[in-house]
Amino acid sequence: MRLSDDFLQQIEDQLQEWRAELDEIQAQMDQADADLEFDYATEIRELRQQHENLVTVFEDLKGARSTEEREDLKNAFDELWGRFKESFDSEAAKFKKEM
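The model shown is predicted, which means the values in this text are computed figures rather than measured ones.

Analysis parameters
Residues numbered from 1 in each chain as written. Predicted model: local features only at pLDDT ≥ 70, side-chain atom pairs only at ≥ 80, totals over all residues. Heavy atoms only, no water. Helix = DSSP H or I, 4+ residues; strand = E, 2+ residues; numbered from the N terminus. Contact = heavy atoms within 4.5 Å. Areas by Shrake-Rupley, 256 points an atom, 1.4 Å probe, with all protein chains shown as cover. Lys, Arg positive; Asp, Glu negative; His and termini not counted. Charge placed at Lys NZ, Arg CZ, Asp CG, Glu CD.

J.: A description of the overall build of the protein chain should follow, citing residues and the corresponding values.
T.: Within the protein chain, the regular secondary structure consists of three helices and zero strands. Counting only C-alpha atoms and orienting by the principal axes, one finds that the protein chain spans roughly 50 × 20 × 15 Å. Contacts in the protein chain between residues far apart in sequence, at least 24 positions, make up 75% of those at least 6 positions apart. Working note: accessible area of the protein chain is about 6,500 Å², and carbon and sulfur atoms make up 45% of it. The positive charge centre, built from 13 side chains, and the negative charge centre, built from 28, are 3 Å apart in the protein chain.

Laid out in C-alpha cells, this is it:
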C-alpha cells in the first residue's frame, strides 16, 4: 500500500495548521493574566509534545520501506492523530471560552 502524495500533503497541511493554532494560543496566553497563563501552560506543553510525537510518526510513515512497516506506522499514526485531535479540540475550546 502506497500513500498518495495528496494524502501526505493533506496531513502535512493539517499538522502545520495545528502548529500555527498552538502558536496563536500561546501568544494569546502570553498576553493573558498570570492565573490564566498558569492554568493553561501545562496543557499547551502537553499538546506541543503530542504534536511533536505525531510529526515524528508522520515522518517515519513517509519514509517507511515495507508494506508491513507502513501499515504499523499508519495504525500508530491514526491512533495518535485521533488522540491529538480530541485533546486539541477540547483544550482550544476551553481556552477560547476563557479569552
